[in-house]
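# Coordinate inspection notes
Chain by chain, the residues run as shown.
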Amino acid sequence: MATEFKLCALLKQVFPDVDFENLPDIEDQAFKELTLKEADRILGLPDGEDIFMAFAEELSNSNESDFVKQFSSLNSKAFPWLTCEIVLLVGLIRHFMPRLELLDEGLKDDQDSVYPDLTVNNTALMEWLHKTPYRHVSAYMVRVMYYEMLHWSMEYNPPMQDYLAMQCSDVEPSDPELYISKVLDVLKVADDHFDRGLKLGLNEDLMALTDMLWEFIPHDYPDEYVQMACEMYKIIQQQLPRDNKFNDQDSYDLFEHAVMDKCFSLAAEREIELSNFSLNYIHFWLENKYFVEETDEDSPSNTLQS
Amino acid sequence: MINANTPLTPAMQQQVEMLHRDADKLFALDWLYKELCAWHQKQIAKLDPAQPEEFCQFMNQPTCQFATQLLKNKRESLADIRILVDYCFVDEVPLQQLYDLREKLIDQLCGMGFTLSWYNVRRYNDSWMRFANRMPFNHAGSEEIINRFFKLICHIALITDVYDHRGGQYGIDIDYSDFDQVERTEGSRELTNEKLVDIVNECAIYMTQQSMWAVVYHVLLRRKLIVANKSGFEKRVGDLHFDAHVKDCPQGTIGKAESSSPYLMNRLSTWPQDGGRNVKLRDALLKSLKKHLNV
């Protein structure tokens, strides 16, 4: 009884305006609108994220039978509504958006793709972001897109990561209009830069190498830099072991030494002046990509024993 | 603003740190202004007056645009600095204000992308040409960012000149003795453990119990930046850190407070302005630090 009371009080606290006795049917448009409206209200609060995450945590910690009893005593429609609300809000706050149809039916993806298209090339999504009256939801959705691209670049392209991080460091989703316009512009520039590289026939690694030699994005992929990146990539491929990863420090150090040595001679041939900054970029990128530190848990002797 | 939470790569973090650390050298631009003037005059002399196309071509080169724009903006921000220096409140040190402003502007500069290569401009006498050739001149939509860049770099250069006791050439008259006094006091480090306890007690109403020592520790640590005798002060702060654990400060509190309040890592002036408590705490700390350092 105590838990039931607590949940009820929490619900009233987090959703003060929702009439749980008269919730619309799950098929209705009103159901979706109510979800978006409440999400927008919570995201617009100064500490909305914290309030909601605390609430979601409380729900997940509560006993399942209490949970069901609670909603059956309210209304049979409360449970599906709250599920939608939680999926939408937690997704927006925690930087992933698994189902675009929660925003709008028209945004539904192809059934074939596992992940939705969260780039600026998704025209339907871009249109929705600009036009929707739920500005806070829109801003947080843009933040999801931003983190999607940031996480991609963290893996593949360090200069792009720095570009995204630097350009978007002074805006917050609490100012939705500014945030949406600024971040979408930045994403567009990064995406265009990537597309230009694809048109030149470069793969992700070659693009990253060119960007690191040039030190920043965007640029016009100057010929000598692209050529040098290609040459360097060839050398890297030649030096790699069969599984493309180094496990021990010594052989990795030898590999990096060989690559960097060649890098200097290639730069001298093309009169490219290499800065410390470029070399640092390449050093961290190589280490991140080709070096795996062997831990005790992974070693075969340990696995055998267990 | 760039802060501890900005997801930068390690290479970029190093570069930003280097720009901040070596700002005094990197942004003392007198040599560059002279170099650019000489270069420009030499190039103009080479041109044939009978061929105006050649002149147009020269004007559109990135190097020429760089030289002319930089020289044009040289004294643009002088008025801003004058206002900042002349209208400083009685209890503020103008040079400290200038220093804090420069830190902020350098962060803005770093955010532009191509500007990170500025570190290499001092390498050789003609290194600026490489920098100029890689700037996005003549790109669509880049005009605004380029104008902003020249304004920023000249603003920082002016601040650096004034900060490094070269304000006289701009007619800016600052009483450096006041600043020297701050340096001297912090250099000789009159701050004993008892005084530190007093400072903590004075500011206690604005702090949570746990963060008290961490706040004071970080404030002192960051203030080392304006001290002449850096290594000595660092050692002293190290001792202080150690002392704090033994005396009056429960084990592990500094570490805990550091991880929960990222703004502690920043200079006082860059603490978040939105929360009223931070601002009050900052003011109280400044006041009591000044009192105990006899500034």
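The number of helices and strands found in chain B is 15 helices and 0 strands. Expressed as a percentage of its 295 residues, the buried residues of chain B come to 25%. For chain B, the proportion of contacts with a sequence separation of at least 24, taken over those separated by at least 6, is 73%.

With that settled, the discussion passes to the overall build of chain A. When helices and strands are counted, chain A shows 14 helices and 0 strands. A burial count over chain A gives 30% of its 306 residues as buried. Within chain A, residue pairs in contact and separated by at least 24 positions form 67% of the contacts whose partners lie at least 6 positions apart.

Many authors give the size of an interface as the accessible area that is lost as the parts come together. Between chain A and chain B, the contact holds 18 residues from the first and 19 residues from the second. Of all the elements in the fold, those that place two or more residues in the side of chain A that touches chain B are α8 (158–167) and α13 (276–290) of chain A. Looking at the side of chain A that touches chain B element by element, the count peaks at 7 residues for α8 of chain A. Across the side of chain A that touches chain B, the residue classes tally to 9 nonpolar, 5 polar and 4 charged.

So, on to the environment of S169 of chain A. Along the chain, the position of S169 of chain A falls in the loop between α8 and α9 (176–199). Taking the C-alpha atoms as reference, S169 of chain A lies 30 Å from E101 of chain A; in sequence the two are 68 residues apart. Other than its neighbours up to four places away in sequence, S169 of chain A contacts M1, I2, T6 and G111 of chain B.

Before going further, it helps to spend a moment on the domain arrangement of chain A. Residue and element names in this part refer to chain A. The assigned domain composition of chain A is domain 1 (2–94), domain 2 (123–199) and domain 3 (205–213 + 221–290). Put simply, the middle of domain 2 and the middle of domain 3, counted by C-alpha atoms, are 29 Å apart. Counting from both sides, the interface comprises 8 residues of domain 2 and, opposite them, 8 residues of domain 3. Counting only elements with at least two residues in the side of domain 2 that touches domain 3, the list comes to α8 and α9. Of the residues belonging to the side of domain 2 that touches domain 3, the class tally is 5 nonpolar, 2 polar and 1 charged.

Residue and element names in this part refer to chain A. The terminal C-alpha atoms of helix α12 (residues 249–269), which comprises 21 residues, lie 30 Å apart, in line with the 30 Å expected from a rise of 1.5 Å per residue. Counted residue by residue, α12 has 1 buried out of 21 residues, so it is predominantly exposed. In the segment just after α12, E271 is the residue with positive phi, at about 55°.

It is worth spelling out the nonpolar core at this point. In this structure, L92, M141, V142, L164 and A190 of chain A are the most contacted members of the largest nonpolar core, which totals 98 residues. When residues in this core are grouped by element, the largest group, 9 residues, is from helix α9 (residues 143–166) of chain B.

A pair of packed helices can be characterised by two numbers: the angle between their axes and the separation between those axes. Residue and element names in this part refer to chain A. In contact at an axis separation of 9 Å, helix α10 (residues 204–214) and helix α11 (residues 223–239) are set at 120° when each is read in the N-to-C sense. Overall, the two elements α10 and α11 adopt an arrangement that is oblique. Both α10 and α11 take part in a crossing whose hand is right-handed. Between α10, through D205, L206, L209, T210, L213 and W214, and α11, the contact on the second element is made entirely by Y225, V226, M228, A229, C230, M232 and Y233. Of the residues assigned to the contact of α10 with α11, the class counts are 11 nonpolar, 1 polar and 1 charged.

We now examine the environment of D192 of chain A. Inspection of the secondary structure assignment puts D192 of chain A in helix α9. Placed 150 residues apart in sequence, D192 of chain A and I42 of chain A show a C-alpha to C-alpha distance of 34 Å.

Residues and elements named next belong to chain B. Relative orientation of the contacting elements helix α1 (residues 10–21) and helix α7 (residues 94–110) amounts to 145°, with a least axis distance of 10 Å. Pair α1 / α7 crosses with right-handed handedness. Contacts between α1 and α7 pair V16, L19 and H20 from the former with E103, I106 and C110 from the latter. In terms of residue class, the contact of α1 with α7 is made up of 4 nonpolar, 1 polar and 1 charged.

The rules behind these values
Residues numbered from 1 in each chain as written. Chains lettered and ligands numbered in written order. Predicted model: local features only at pLDDT ≥ 70, side-chain atom pairs only at ≥ 80, totals over all residues. Helix = DSSP H or I, 4+ residues; strand = E, 2+ residues; numbered from the N terminus. Buried ≥ 20, exposed ≤ 12 C-beta atoms within 10 Å, placed from the backbone. Contact = placed C-beta atoms within 7 Å. Nonpolar A, V, L, I, M, F, W, Y, C, P; charged D, E, K, R; others polar. Domains from an automatic or database assignment. Expected span 1.5 Å × (residues − 1). Core = buried A, V, L, I, M, F, W, Y, C linked by C-beta atoms within 7 Å. Axes fitted to C-alpha atoms, helices over the stretch in contact; angles between N-to-C directions. Parallel < 35°, antiparallel > 145°, perpendicular 65-115°, else oblique. Left-handed = near helix turned anticlockwise from the far one by under 90°.

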